[in-house]
Amino acid sequence: MKTIIQIENENFVAQLQGRLDTSAAAKTEQEMRPLYDCEGRDIILDCSQLQYISSSGLRLFLGLLKTAKPKGSHVYITGLNSDLKQVFDITGFTSLFEFK
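Residues numbered from 1 in each chain as written. Predicted model: local features only at pLDDT ≥ 70, side-chain atom pairs only at ≥ 80, totals over all residues. Heavy atoms only, no water.

Asker: Lay out the sheet that holds strand β4 (residues 75-78) with the relevant residues and their values.
Answerer: Strand order in the open sheet formed by five strands is β1-β2-β3-β4-β5, and the pairing between neighbours is mixed. At either margin of the open sheet sits one strand with a lone partner, and together these are β1 (2-8) and β5 (98-99). As defined by bridge partners, strand β3 (residues 43-53) adjoins β4 across four bridges and the pair is classed as parallel. Bridge assignment links Ile44 to a residue of β4, and that residue is Tyr76. (Pairing = 2+ DSSP bridges. Helix = DSSP H or I, 4+ residues; strand = E, 2+ residues; numbered from the N terminus.)

Structural data, given as structure tokens:
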């Protein structure tokens, strides 16, 4: 699992690559730490190269959302493949996040 964070148009863009499973969650959480200091910047989670997400990965997304909203930031998800979209639908996460 690899996470690349960049700033584009005053927003954070995090590109997630690989499998976000339980064994990768702790490392990914550390790599995503800069996103928690969003302070009004929107966050875009680019999942176009994400192959799999476990419940531990979903927990990371939810934690980021809960931190960002009170700071006036939006968390957008982009690039979900059909399998990941199905996971988000089944878990109800499609109603929590905004998609681009």
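Asker: Give a detailed account of the nonpolar core, specifying residues and quantitative values.
Answerer: Ile43, Leu45, Phe61 and Phe88 are the most contacted members of the largest nonpolar core, which has 27 residues in total. If you list the elements that add at least two residues to this core, you get β2 (11-20), β3, α2 (55-68), β4 and α3 (82-91). Of all the elements, α2 adds the most residues to this core, at six residues. When near neighbours in sequence (up to four residues on either side) are disregarded, Phe88 contacts Ile53, Leu58, Phe61, Ile77, Leu80, Phe93, Thr94, Phe97 and Phe99. (Core = buried A, V, L, I, M, F, W, Y, C linked by side-chain atoms within 4.5 Å. Buried < 20%, exposed > 50% of the residue type's maximum accessible area, 1.4 Å probe, protein only. Contact = heavy atoms within 4.5 Å.)

Asker: Break down the environment of Leu20 for me, citing the residues and quoting the values.
Answerer: Within the secondary structure, Leu20 sits in strand β2. The spacing of Leu20 and Leu50 is 30 residues in sequence and 7.4 Å in space, taken between C-alpha atoms. Setting aside chain neighbours within four positions, we find Leu20 in contact with Met1, Ala25, Thr28, Leu50, Tyr52, Ile53, Ser54, Gly57, Leu60 and Phe61.

Asker: Which residues make up the packing of aromatic side chains, and what are the values?
Answerer: Counted under the stated rule, the structure contains six aromatic pairs. The interplanar angle of 70° and the centroid separation of 6.4 Å between the aromatic rings of Phe61 and Phe97 together place this pair among those described as edge-to-face. Of this pair, Phe61 sits in helix α2 while Phe97 is found in the loop between α3 and β5, placing the two residues 36 residues apart along the sequence. A relative accessible area of 0% places Phe61 in the buried class. Residue classification places Phe97 among the buried residues on the basis of a relative accessible area of 5%. One aromatic cluster is present, built from ring pairs that chain together Phe61, Phe88, Phe93, Phe97 and Phe99. Positioned above the aromatic ring of Tyr52, the side-chain terminus of Arg19 is 4.4 Å from the ring centre. Positioned above the aromatic ring of Tyr36, the side-chain terminus of Arg33 is 4.7 Å from the ring centre. (Phe/Tyr/Trp six-rings, centres within 6.5 Å; stacked < 30°, edge-to-face > 60°. Lys NZ or Arg CZ within 6 Å of the ring centre and 35° of its normal.)

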